[in-house]
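Listed below are the residues making up each chain.
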Amino acid sequence: MEIQVKVKTVLSGLIGLTGLLTANTSHTSGLGTLSEQLWSQSFCEQAVSLAQQRGEAPEQVKLADCRLLNYYQPSYWQCVMAVLQADAGLKLNTARERCLAGY
């Protein structure tokens, strides 16, 4: 009887520990996704800011809503920034299309 109680206690502890580890892994994964979205949004905002500084029409720049476009990987927006910096006459939308082709 005493062994059964110990086994049940150990099993309950293992099940609880497994649940905690699973929840923690899921939470950590969610944080990774959130941080990637925040990075993406930040890089998008930098690209939009650069386009605005270069005098791109506000109605064209507004098409890049960084809060809605944060599902792109940060590397996509880094590409957009690099393309814009390489060619001062390029528009934001054209830079996005070039990077999207390789995305």
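Residues numbered from 1 in each chain as written. Predicted model: local features only at pLDDT ≥ 70, side-chain atom pairs only at ≥ 80, totals over all residues. Heavy atoms only, no water.

1. Some points on the overall build of the protein
Assigned secondary structure in the protein consists of four helices and zero strands. Helices and strands in the protein line up, N terminus first, as α-α-α-α. The burial tally for the protein puts 26% of its 103 residues in the buried class. Relative to all contacts within the protein whose residues are 6 or more apart in sequence, the contacts with residues 24 or more apart total 64%. For the protein, the accessible area works out to roughly 7300 Å², and carbon and sulfur atoms hold 60% of it. (Helix = DSSP H or I, 4+ residues; strand = E, 2+ residues; numbered from the N terminus. Buried < 20%, exposed > 50% of the residue type's maximum accessible area, 1.4 Å probe, protein only. Contact = heavy atoms within 4.5 Å. Areas by Shrake-Rupley, 256 points an atom, 1.4 Å probe, with all protein chains shown as cover.)

2. With respect to the state of the cysteines
Enumeration over the complete set of coordinates arrives at two disulfides. A sulfur-sulfur separation of 2.1 Å characterises the disulfide bridge that pairs cysteine 79 with cysteine 99. Residues cysteine 79 and cysteine 99 are joined through a disulfide that is left-handed, its torsion about the S-S bond being -85°. Within this pair, whereas cysteine 79 is found in helix H3 (residues 74–86), its partner cysteine 99 is found in helix H4 (residues 92–101), the two being separated by 20 residues in sequence. What makes cysteine 99 buried here is its relative accessible area of 5%. Here the bonded cysteines of the protein are numbered in sequence order, and their pairing is 1-2, 3-4. (Disulfide = S-S within 2.5 Å.)

3. A word on H3
For H3, built from 13 residues, the straight-helix expectation of 18 Å at 1.5 Å per residue is met to within 8% by its first-to-last C-alpha distance of 18 Å. Here H3 has its buried residues at Pro74, Tyr76, Trp77, Val80, Met81, Val83 and Leu84. (Expected span 1.5 Å × (residues − 1).)

4. A short note on the nonpolar core
Nonpolar side chains in soluble globular proteins generally cluster together in the buried interior. Counting residues in each nonpolar core, the largest one holds 21 residues, and the members touching the most others are Ala47, Val48, Trp77, Val80, Leu84 and Leu92. Alanine 47 has contacts with Trp77, Val80, Met81, Leu84 and Leu92, leaving out every residue within four places of it along the chain. (Core = buried A, V, L, I, M, F, W, Y, C linked by side-chain atoms within 4.5 Å.)

5. What about the confidence of the model for the protein?
The share of residues in the protein with pLDDT of 70 or more is 70%, and the mean pLDDT across the chain is 76. Of the regions scoring below 50 in pLDDT, residues 7–28 engages in zero contacts with residues more than four places distant in sequence or in other chains. (pLDDT = per-residue confidence, 0-100.)

6. A closer look at the environment of leucine 63
Note that leucine 63 resides in the loop between helix H2 (58–61) and H3. In the structure, leucine 63 is positioned 30 residues away from asparagine 93 in sequence and 8.6 Å away in space, judged by C-alpha atoms.

7. Points about the environment of glutamate 56
For glutamate 56, the location among the structural elements is in the loop between helix H1 (2–53) and H2. Contact partners of glutamate 56, with chain neighbours within four places excluded, come to Ala51, Val61, Lys91, Leu92 and Asn93. Within polar-contact distance, the side chain of glutamate 56 engages the backbone nitrogen of leucine 92 at 2.9 Å. (Polar contact = N/O pair within 3.5 Å; in protein donor to acceptor, adjacent residues only side chain to side chain.)

8. What about the packing of aromatic side chains?
Enumeration over the complete set of coordinates arrives at five aromatic pairs. Arranged with centres 4.3 Å apart and planes meeting at 25°, the rings of tyrosine 72 and tyrosine 76 form a pair that is stacked. Classification of tyrosine 72 as buried rests on a relative accessible area of 11%. In this structure tyrosine 76 comes out as buried when scored by relative accessible area, which is 2%. These aromatic residues form a ring-pair network of at least three members: Tyr71, Tyr72, Tyr76 and Trp77. (Phe/Tyr/Trp six-rings, centres within 6.5 Å; stacked < 30°, edge-to-face > 60°.)

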